[in-house]
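Descriptive structure summary
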Amino acid sequence: MEAAASSAGAGFGARLSSPLGFRGGHPRSPRPLPPAWCLRRPPWPASRLVCREGGRTRGAASRDHRQLGELEAEAEGSLAVEPGRSSPREVREEMARCFDLVRRLGRGAVYLGSSRVPPSHPHYLQTAELAREIARLLDCTTWTGAGPGLMDAATQGALEAQKPVGGFKIAKEAGEWTTSNFHPYLPPESYLTCRFFSARKHGLMDAAVRSNPTDRTAVVALPGGIGTLDELFEIMALIQLERIGSTHPVPFLLLNYDSYYSKLLDFLNDCQEWGTVAPGEVASLWKVCDGNYEALEYLAEFYNIHAACRNYHLSPHLKQEKTSYATSS
């Protein structure tokens, strides 16, 4: 306890005249002991604790003379204390493997969506149809998170169109396929099982980048939950800040099947009224589509595809009643 007080309590020494809690000879109530976690040795050395007194920084001289090699050694030592943390090198290496997969399979349409949607749900069937028609229209690779649900629907649609398919699977995916790092039917050379979410996101974003005017890519946000919303808003922020890494603009579509995202859109409108979102800002970042035909026509106009090449094969769709993915069978 004394050793902990000497290192962690250096800043209090100037204010305490007696270790017993007396000041000026008058007793006072003893100060309660801090909880046990406050007395643990910090992961960094005591010399790196900086305390200011009288306008000077104590320990600054020793810190200034510390060599870079010593700092690196301390950093490695602190990582050794927490073996659960992964090296940044491993993240970079996984990102490099993601980029290599995109380079081999080609960029194209990236789909974000729920992993919990069963194949019998209308949104699954709509997604498969949309992915099939986009793959034909843009003649591109289809990219997903290589998981179940709507990700699988997009994969199935692209395979029906006989177009290339790629994916970035995550080790723990909601819904099915959680016990294995392997996809149930895709060949192993067409997808990568990622350990890090950051690498997976970089891979999906790189798959949508347009380096040349002739590149045809897109990002399609389907109905989804927390993971989908996380990816959706991150991509929106990257487009807003022009940090998407693309030389040319990338179309971003929000599929509002059966008004799934209507309350989210209402919330964003409220943000505009509060002043946290500029007028027209959200609308300029994506295209909200209520159905597949509207989405296909938007992409065809975006890429100036001739009307003769817009041979969509769409099944008639009637507006569905709200049907929970959990209860759909």
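About the cut-offs
Residues numbered from 1 in each chain as written. Predicted model: local features only at pLDDT ≥ 70, side-chain atom pairs only at ≥ 80, totals over all residues. Heavy atoms only, no water. Buried < 20%, exposed > 50% of the residue type's maximum accessible area, 1.4 Å probe, protein only. Helix = DSSP H or I, 4+ residues; strand = E, 2+ residues; numbered from the N terminus. Pairing = 2+ DSSP bridges. Right-handed = clockwise from strand over helix to strand, strands pointing away. pLDDT = per-residue confidence, 0-100. Contact = heavy atoms within 4.5 Å. Axes fitted to C-alpha atoms, helices over the stretch in contact; angles between N-to-C directions. Parallel < 35°, antiparallel > 145°, perpendicular 65-115°, else oblique. Left-handed = near helix turned anticlockwise from the far one by under 90°.

**Focus on the pairing of strand E4 (residues 141–144)**
Alternating residues of E4 divide into Thr141 and Trp143 and Thr142 and Thr144, and every residue in both groups is buried. Across 3 bridges, strand E3 (residues 108–112) lies against E4 in parallel orientation. Along E4, the bridge assignment pairs Val110 with Trp143. Crossover E3 to E4 through helix H5 (residues 122–138) is right-handed. Pairing of E4 with strand E5 (residues 165–170) involves 3 bridges; the strand directions are parallel. Counted as the bridge partner of Thr144 is Gly167 from E5. The handedness of the E4 to E5 crossover, carried by helix H6 (residues 150–160), is right-handed.

**Considering the confidence of the model for the protein chain**
The predicted model of the protein chain averages 80 in pLDDT, with 68% of residues at 70 or higher. With pLDDT under 50 throughout, residues 36–68 is counted as low confidence; its partners more than four residues away or in other chains account for 26 contacts.

**A closer look at the packing of H5 against helix H10 (residues 292–302)**
Relative orientation of the contacting elements H5 and H10 amounts to 20 degrees, with a least axis distance of 10 Å. One element, H5, and the other, H10, form an angle in the roughly parallel class. When the axes of H5 and H10 are compared, the crossing they make is right-handed. Taken together, the residues of H10 that come into contact with H5 (itself represented by Gln126, Glu129, Leu130, Glu133, Ile134, Leu137 and Leu138) are Asn292, Ala295, Leu296, Leu299 and Ala300.

**A short note on the sheet that holds E4**
One open sheet accounts for 7 strands, arranged E6-E5-E4-E3-E7-E8-E9; its pairing is parallel. Unpaired on one side and paired on the other, strand E6 (191–194) and strand E9 (287–289) mark the two borders of the sheet. On average, each strand axis in the sheet is tilted by 20 degrees relative to the strand beside it, whichever way the strands run. Relative to E5, helix H7 (residues 197–206) is tilted by about 165 degrees, and along the sheet it contacts E3, E4, E5, E6 and strand E7 (218–221).

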